[in-house]
Structures are given as C-alpha cells and as structure tokens.
Amino acid sequence: MDAAAKSSPIGLCVLCGLPGAGKSTLAQRLKERQTSCSIVIISYDDVMGDGAFKEQALLECREVSCQSENQGGREMSPWKRHRQQLLQCLETLIITLLAPSALRPPNGKADETWKRLVQCLESQGLVSDGEDSEISSRSINVRSSPVYFILDDNFYYQSMRYEVFQLARKYSLGFCQLYLQCPVDCCLMRNKERQNGVTDRTIILMDSKLERPNPEKNTWEKNSLILDSSNMDDFHGRITSLMNEALENPVMALGDDSEEKVRDDALTLQDISHFGDWDLKTTALCI
C-alpha cells in the first residue's frame with residue numbers, strides 16, 4: 001500500500017465556510033485551473049442528498065441526539081448518520097485507489113449515498129460509466145498524476161474537519177484546509193439568490209458557532225489557508241503551493257499507543273459531544 005501511495009499520491013482538501021461564501025465557485029475554479037494534479041470535487045450537498053439537508057426534516061429530529069449509539073446508548077441522528085456514511089464511502093474509495101481494484105460499496109451494499117458518490121465520480125471521469133443500476137461495481141480510471149479530493153461542505157466545527165484529518169493520517173495522505181471567509185451580510189444576500197437557500201437564522205447561528213481553522217492551537221491544522229472571498233482571483237498560487245506541500249509531506253500514521261493519538265482522540269470525543277448538543281438544541285446547520 002505504501003508503494004501505491006507514493007506512485008499515485010492522494011490528497012484531501014477540506015473546503016469550509018458559511019453557506020454563500022463562494023466555496024463551490026472556488027472549488028470549480030481550482031478544478032479548471034489546476035494542472036499539477038487531478039481535482040475531484042465531492043460536494044456534501046450533492047452526495048448526501050436533499051433528505052439529509054431539509055431543515056424541516058431535521059427540526060423533526062431535534063429530540064434525537066447527534067451522538068452515536070455507543071455514547072450513552074442514544075440513537076445517532078439522521079444527519080450524523082449521513083455524514084458517517086459518506087466518510088465510510090470516501091474511505092472505501094481511498095483504499096481502492098491505493099490498491100487499484102474494482103470499486104465496490106462498503107459492506108457490499110449500494111445505498112443512496114454510495115450511488116450519488118459514484119455518479120459524482122463518473123461525471124468527473126474518475127470511475128468508468130456502467131450499466132449496473134445498483135452501482136455495485138465500477139472500474140477506477142487510473143491516473144498518472146496525483147488526485148486531490150476537494151470536500152465542499154460548511155465543516156463549521158473542528159471535529160467535522162478532524163474526522164477527515166484522521167482519514168488522511170490512517171492512510172498517510174496529503175491533508176490541507178481552505179477556509180473561505182465572507183461577511184455574513186454578503187452570505188445572506190447570496191443565499192437569497194439560491195433556489196434552495198437556507199434561512200437567514202441558520203446562517204447567523206452558524207456564524208456564531210463556526211470554529212475557524214486555528215493552526216497555532218491545533219498542529220493538525222497547520223496546512224490551512226484563511227481566504228477572503230472578495231479576492232478570489234488571487235488565490236490560485238497560494239492554494240497550489242499549499243496543496244503541493246501537503247502532498248509532498250503526507251500525514252504520518254500514528255501507532256495505537258502514541259501519546260499524540262491518545263490526546264487527539266480525547267479531544268475529538270469532546271468536540272463530537274459538543275456539536276451533538278448544538279444539533280440537539282438548534283436548527284441543524286449542515287447546509
């Protein structure tokens with residue numbers, strides 16, 4: 001697996017910020033302009049599907065904790081479950097790329113999240129088209145250049161981003177973060193122009209809770225850029241340098257007895273717990 005990773009480097013880029021900040025526009029510009037690697041955009045909105053994001057549906061689940069079944073015996077919320085399913089699908093994709101083989105769904109079951117992910121990958125040429133309506137197996141189109149997955153989501157809590165970092169650490173992948181900051185008033189204005197925008201209250205609440213990347217406090221966030229959405233044309237050089245550096249210096253896997261791993265995992269549990277409380281008490285802020 002190490003040899004495969006070296007011959008075909010893989011990077012994970014977390015793209016975070018408020019709804020309307022311009023994340024999807026930035027991701028598309030990177031895909032069009034990047035020449036040193038193949039960019040694959042995974043939009044959480046598209047892959048998780050409308051059912052995971054409808055505010056009214058999530059309001060009906062507010063009495064259900066976001067914590068897992070193993071934490072106090074409480075049921076996992078549908079929104080949290082969707083996010084975990086997507087992470088599991090992403091891990092399956094990474095494993096397939098590191099040791100090229102047929103791409104098959106986790107546990108052999110092609111659920112809706114998996115189907116939408118495969119369709120997303122097909123549309124960007126990473127996997128072959130197929131006639132199988134269940135999308136149970138696809139062929140990876142092997143590329144000689146590195147592959148960078150840009151994960152387009154709000155990622156408003158550190159714990160959400162840290163889950164992606166853990167995936168990069170597990171498989172020694174490149175990892176970086178792009179935080180696109182934009183004034184709330186601007187996000188509200190752009191949101192009103194969207195067909196499926198969220199409520200103003202959701203954006204305002206998310207802004208009050210959003211945990212921006214903090215490289216000085218969290219060493220795992222060292223490969224991060226905080227970008228001003230008003231100067232998007234000036235980003236390309238800085239982002240390219242960051243992504244290349246992350247690929248050249250992949251996250252090193254840690255042993256189970258590592259002090260750093262124990263400390264980081266303890267921190268993650270605390271973060272997961274508190275964003276579970278946030279989901280319980282307010283409108284879900286995943287859009």
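Just above, that's the structure.
This section reports on the structure supplied with the text.

Criteria and thresholds
- Residues numbered from 1 in each chain as written.
- Predicted model: local features only at pLDDT ≥ 70, side-chain atom pairs only at ≥ 80, totals over all residues.
- Heavy atoms only, no water.
- Buried < 20%, exposed > 50% of the residue type's maximum accessible area, 1.4 Å probe, protein only.
- Helix = DSSP H or I, 4+ residues; strand = E, 2+ residues; numbered from the N terminus.
- Arc of directions from axis to C-beta.
- Contact = heavy atoms within 4.5 Å.
- Pairing = 2+ DSSP bridges.
- Axes fitted to C-alpha atoms, helices over the stretch in contact; angles between N-to-C directions.
- Parallel < 35°, antiparallel > 145°, perpendicular 65-115°, else oblique.
- Left-handed = near helix turned anticlockwise from the far one by under 90°.

With respect to helix α2 (residues 23-33)
Here is step 1 of the chain: Turning to α2, its buried residues are Lys23, Leu26, Ala27 and Leu30. Looking straight down α2, one finds that the buried residues subtend no more than 100° of arc, so they occupy a single side.
Here is step 2 of the chain: Where the residues of α2 are buried, they touch β1 (10-16), β2 (38-43), β3 (147-152), β4 (174-181), β5 (224-228) and α10 (236-248).

A closer look at the sheet that holds β1
Here is step 1 of the chain: Taken in spatial order, the 5 strands line up as β2-β3-β1-β4-β5 in an open sheet, and their pairing is parallel. In the strand order of this sheet, the two ends are held by β2 and β5, each with one partner. Strand after strand, the sheet turns through a mean of 20° between neighbouring axes, direction not considered.
Here is step 2 of the chain: Judged from the 6 bridges that link them, β1 and β3 form a sheet pairing that is parallel. Paired with cysteine 13 across the bridge in β3 is isoleucine 150.
Here is step 3 of the chain: With respect to the sheet, α10 is in contact with β1, β2, β3, β4 and β5, its orientation differing from that of β4 by roughly 155°.

Description of the packing of helix α5 (residues 78-98) against helix α7 (residues 158-170)
Here is step 1 of the chain: Relative orientation of the contacting elements α5 and α7 amounts to 20°, with a least axis distance of 11 Å. As summarised for this structure, α5 and α7 are arranged roughly parallel, according to the angle between their axes. Seen along the crossing, α5 lies across α7 with a hand that is right-handed. When α5 is examined against α7, the residues Trp79, Lys80, Arg83, Gln84, Leu87, Leu90, Glu91 and Ile94 are found in contact with a partner set consisting of Met160, Glu163, Val164, Leu167 and Lys170.

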